[in-house]
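# Understanding the architecture of this molecule
What follows is the residue order along each chain.
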Amino acid sequence: MFQPHEAAHAAPKAATEGFNAGETIISHVANSSIDHPLIHLPKILGIDFSVTKHVFMVWLVAALLFLIVTTVVRRYIRAEKEHPVPRGVMNALEALVEFIRDAIVQPNVGNKWVRTWTPLLLTLFLFILAGNLIGLIPAFDVLALLNHTVLHLPEDSFLTRVTHGGTTATGNFNVTAALATVTFLTIIIAGVRAHGFVKHWKNMVPTGLPWPIYFLLIPIEIMGMFVRPFALTMRLAANMTGGHIAILAILSFVFIFTELFASAAAGVGVGVVLSLPLAVGISGLEIIVVLVQAYVFTLLTAVFIGMAIHAHH
Amino acid sequence: MEGNAIAFMGAGLGLGLIVIGAGLGIGKLAAGAAEAIGRQPSAAAQITGAVNLPLFLLEGVAILAEVFALLIVLLK
């Protein structure tokens, strides 16, 4: 089911063997199989470190963010004497930083800890936003089209492997689980730093209750501790995957109708009248979803940190 | 085959129920926010801020349910 090779050949296969919409869509949104990674790496301690599609995207996003942010900020600092007012990209970056600090972190975390937790939340926000946005740019699909029509590279070349469908690293549950693990640890560290190790765990349940209630309350609080990062994981990944599935499902109407009426004209007609406008509309909606999901992840992390710091019990 | 059909039906019905629940929740939230802003337009920013968090928590629950519906289909 997760064979990436089938995705690239789905279109020519449609004419001969029949078009399987479900399989094509899944292979587009799923990670490339570990048996056919982009770059083969040796196993360390029994864990396969081979670079798959989503791993590649994660590193690409991280490298791009690091390069862009550091160059912009360094250029601003170098010319701060002549141009104290930020211009261009620096302006946008400052607006973003200010928004995160004043609208997300400060109201939730409080004045005392704002400077401690803003950098982490900014990193989370920028990484998730860039990871989400890069999945909307069909650069790799254009490369695949070029490869398919002009270049004809061999099946196992790096470029052919990298171009098997669109890639949103944040649509992978493992990536978002890693991000949520950061949140999970951050909540504990924030609580421990604010109240001390023992007090943090004591804060999780209210004091002064009749003792039988604790048998009910402590398991619930422990469950809640794990449910929060789990919900973060699922929300981000499912939202990112869901949008792509919707777009691909609408676009696959073209092939389904071509097959149904056994004529290319029917498929193209449905494509022009129905699929293309709808797909464009959903892509527009996706841009909003991308921004909102990055905001939500950051906001919820800030809220959870705030809950650990300002325990009301 | 019979079992598969029932699994698909269950997932489909579940998706419908999820949409009903999430739609009702979001509708109530939006209605409440609109009424509150209508009554006191100067507090619009605060009301939006207060509405955001429950909205996202609700969305999280709906998404979780959708993932489980998907799991029914995948692991049937």
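To keep things clear, this report deals only with the structure shown in the data block.

## Some thoughts on the overall build of chain B
The helix and strand tally for chain B stands at two helices and zero strands. Over its C-alpha atoms chain B spans a radius of gyration of 17 Å, topping by over 25% the 11 Å that the globule rule assigns to 76 residues. The principal-axis extent of the C-alpha atoms belonging to chain B is close to 60 × 15 × 10 Å. Sorting the 76 residues of chain B into buried and exposed places 24% on the buried side. When the accessible surface of chain B is totalled, it reaches about 5,000 Å², and 75% of it is carbon and sulfur.

## A closer look at the nonpolar core
Residue and element names in this part refer to chain A. Membership of the largest hydrophobic core comes to 43 residues, with the highest contact counts inside it found for V109, W117, L179, F297 and I309. Put simply, the parts of the chain that give this core at least two residues each are α4 (53-78), α5 (88-109), α6 (114-136), α9 (173-195), α11 (212-251) and α13 (264-309). The element that contributes the greatest number of residues to this core is α13, accounting for 14 residues. What W117 contacts, discounting residues up to four positions off in sequence, is V109, T186, I189, A190, I305 and I309.

## Considering the interface of chain B and chain A
On the chain A side, the residues contacting the nine residues of chain B number 12 residues. Buried area between chain B and chain A, both sides added, is near 1,000 Å², and the carbon and sulfur share of it is 81%. Looking only at chain B, the three residues that lose the most surface to chain A are F56(B), I63(B) and L64(B), adding up to 44% of its buried area. Linking chain B with chain A are one salt bridge, by the criterion used here.

## Considerations on the environment of Q293(A)
Take Q293(A): it is sitting in helix α13. Look at Q293(A) and you get buried, because its relative accessible area is 3%. As a C-alpha pair, Q293(A) and V29(A) span 264 residues in sequence and 18 Å in three-dimensional space. Setting aside residues up to four positions removed in sequence, Q293(A) forms contacts with N132(A), R235(A), L236(A), N239(A), M240(A) and E59(B).

## Let's talk about the packing of aromatic side chains
As enumerated under the stated definition, the model contains seven aromatic pairs over all chains in all. When the ring of F197(A) is compared with that of W201(A), the centres are 6.2 Å apart and the planes differ by 70°; the resulting orientation is edge-to-face. Separated by four residues within a single helix, F197(A) and W201(A) lie in helix α10 (residues 197-203), roughly one turn from each other. Accessibility expressed as a relative area gives 55% for F197(A), which makes it exposed. Among the aromatic residues, ring-to-ring pairing joins F99(A), Y295(A) and F56(B) into one connected group. A cation over an aromatic ring shows up here: R228(A) above the ring of F304(A), its NZ or CZ 4.9 Å from the ring centre.

## A few points about a nonpolar patch on the surface
Together, F230(A), F68(B), L70(B), L71(B), L74(B) and L75(B) line one region of the surface with nonpolar side chains, adding up to about 580 Å² of accessible area. The element best represented in the nonpolar patch is helix α2 (residues 44-74) of chain B, accounting for four residues. Mapped onto the elements, L75(B) comes out in the segment after α2. The class for L75(B) is exposed, based on a relative accessible area of 65%.

The rules behind each value
- Residues numbered from 1 in each chain as written.
- Chains lettered and ligands numbered in written order.
- Predicted model: local features only at pLDDT ≥ 70, side-chain atom pairs only at ≥ 80, totals over all residues.
- Heavy atoms only, no water.
- Helix = DSSP H or I, 4+ residues; strand = E, 2+ residues; numbered from the N terminus.
- Rg over C-alpha atoms; globule rule 2.2 N^0.38 Å.
- Buried < 20%, exposed > 50% of the residue type's maximum accessible area, 1.4 Å probe, protein only.
- Areas by Shrake-Rupley, 256 points an atom, 1.4 Å probe, with all protein chains shown as cover.
- Core = buried A, V, L, I, M, F, W, Y, C linked by side-chain atoms within 4.5 Å.
- Contact = heavy atoms within 4.5 Å.
- Buried area = accessible area lost by both parts, 1.4 Å probe.
- Salt bridge = Lys/Arg side-chain N within 4 Å of Asp/Glu carboxyl O.
- Phe/Tyr/Trp six-rings, centres within 6.5 Å; stacked < 30°, edge-to-face > 60°.
- Lys NZ or Arg CZ within 6 Å of the ring centre and 35° of its normal.
- Patch = residues over 30% accessible without salt bridge, like charges linked within 9 Å, V, L, I, M, F, W, Y side chains within 5 Å.

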